[in-house]
Amino acid sequence: MSSTAVQSLKASVERIILDPKYHDILAIVKAARNGAVYGTKVRFPHALVMIMLFRSGTIREKLWLIFRATRTHARNLAKFATIYKATSMLLKNYGATPGKEGPYDSFISGLLGGYIVFGQRSKRSGKISSVNQQIVVYVFARVVLALARLAVKPGQGLPIISEPNRSAVISYYAWPLFASLSWASVMHLFRWQAAELQPSLRSSMTYIYANADTWDGLRNFMWHNQ
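An unreviewed UniProt entry lists the chain under the name Tim17/Tim22/Tim23/Pmp24 family-domain-containing protein, with Cercophora scortea as the source organism.

As structure tokens, this is what we get:
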């Protein structure tokens, strides 16, 4: 294909993607693309480090696990983005006030996408994907932190605790309390109910704390863990 034909094709494609009448549909396509790219960027380095360092098996087996985790993360973020944007578009155009976004459209769209993409069990194993668990727990933690900030935000938060003076005091002391209780809880669970912790967290904690109790020489005291 000549350079002139390539430029002509590029110009034609750009006319389509810049046409306002295609904007909503193309926004869904771009959201799917962004979800897949972001999922790959986030999961691949994490899986590479965690699997290579803490999983047993051959190099081939480890590479397959890295690929599978990366694929799952990228695919599910792309699927969620597609469902969320498509549902939001439908609610906006065919909802109670056509052409205008409703106050709960984002909640409904997220609810549907979350159920379809992250709320299902594997048809093969009947278990919830560990990748999905990590994503959902990550999101949940951020939601809780945001709601905690809103609860004490003057003018918008809950009665009494959002009053300016009380809000300032709570905001100042809340994080140390939260951090302390979080680490106290996870260490207690690891000590007495380790099987209930998420596998990658349990593996990391075993490496740091449980394996620190055992060595039989300088080699696995300083240079190697086991």
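Having seen it, we continue.
A. Structural view of the packing of helix α6 (residues 164–192) against helix α7 (residues 199–210). Look at α6 against α7: their axes get within 11 Å of each other, and the N-to-C directions meet at 85°. By the angle class used here, α6 and α7 are roughly perpendicular. Contacts from W183, V186, M187 and F190 in α6 reach L201, R202, M205, T206, Y209 and A210 in α7. Taken together, the residues that form the contact of α6 with α7 break down as 8 nonpolar, 1 polar and 1 charged.

B. Summary view of the side chain of T70. Tracing the backbone shows T70 in helix α3 (residues 59–94). Take T70: its relative accessible area is 10%, and that puts it in the buried class. Separated by 2.8 Å, the side chain of T70 and the backbone oxygen of I66 make a polar contact. Among residues more than four places away in sequence, those in contact with T70 are T40, R43 and F44.

C. Molecular detail of unusual backbone geometry. Phi angles above zero are rare outside glycine, and I160 is one such case at about 75°. Mapped onto the secondary structure, I160 falls in the loop between α5 (130–151) and α6.

D. Up close: a nonpolar patch on the surface. Where nonpolar side chains cluster on the molecular surface, the patch consists of L9, V13, I16, I17, L18 and Y22 and spans about 570 Å² of accessible area. Along the chain, the position of L9 falls in helix α1 (residues 3–17). Classification of L9 as partly exposed rests on a relative accessible area of 49%.

E. The arrangement of the pattern of salt bridges in detail. Within this structure, the stated rule accounts for 1 salt bridge. Of the charged contacts in the structure, one is a salt bridge between R166 and E163, with a shortest N-O distance of 2.5 Å. Owing to a relative accessible area of 42%, R166 belongs among the partly exposed residues under this scheme.

F. The arrangement of the side chain of N132 in detail. As for its position among the elements, N132 is in helix α5. Not counting residues up to four positions away in its chain, the partners in contact with N132 are N76, V117 and F118.

G. Representation of the environment of H46 in the model. Within the secondary structure layout, H46 lies in helix α2 (residues 23–54). Sequence separation between H46 and Y94 is 48 residues; the distance between their C-alpha atoms is 41 Å.

H. Seen up close, the nonpolar core. Counting residues in each nonpolar core, the largest one holds 11 residues, listed as A47, I51, L65, I66, A69, L77, I83, V117, F118, V131 and I135. The element that contributes the greatest number of residues to this core is α3, accounting for 5 residues.

I. Inspection of α5 at higher detail. For α5, which comprises 22 residues, the first-to-last C-alpha distance of 31 Å matches the rise-based estimate of 32 Å (1.5 Å per residue) to within 8%. Regarding α5, the residues found buried are V131, N132, I135 and A151. Projected onto a plane normal to the axis of α5, the buried residues spread over an arc of 165° and lie on a single side. Facing away from the buried side of α5 by more than 90 degrees, the exposed set consists of V137, F140 and R149. Those residues of α5 that are buried are in contact with α2, α3 and α4 (105–118).

Calculation criteria
- Residues numbered from 1 in each chain as written.
- Predicted model: local features only at pLDDT ≥ 70, side-chain atom pairs only at ≥ 80, totals over all residues.
- Heavy atoms only, no water.
- Axes fitted to C-alpha atoms, helices over the stretch in contact; angles between N-to-C directions.
- Helix = DSSP H or I, 4+ residues; strand = E, 2+ residues; numbered from the N terminus.
- Parallel < 35°, antiparallel > 145°, perpendicular 65-115°, else oblique.
- Contact = heavy atoms within 4.5 Å.
- Nonpolar A, V, L, I, M, F, W, Y, C, P; charged D, E, K, R; others polar.
- Buried < 20%, exposed > 50% of the residue type's maximum accessible area, 1.4 Å probe, protein only.
- Polar contact = N/O pair within 3.5 Å; in protein donor to acceptor, adjacent residues only side chain to side chain.
- Patch = residues over 30% accessible without salt bridge, like charges linked within 9 Å, V, L, I, M, F, W, Y side chains within 5 Å.
- Areas by Shrake-Rupley, 256 points an atom, 1.4 Å probe, with all protein chains shown as cover.
- Salt bridge = Lys/Arg side-chain N within 4 Å of Asp/Glu carboxyl O.
- Core = buried A, V, L, I, M, F, W, Y, C linked by side-chain atoms within 4.5 Å.
- Expected span 1.5 Å × (residues − 1).
- Arc of directions from axis to C-beta.

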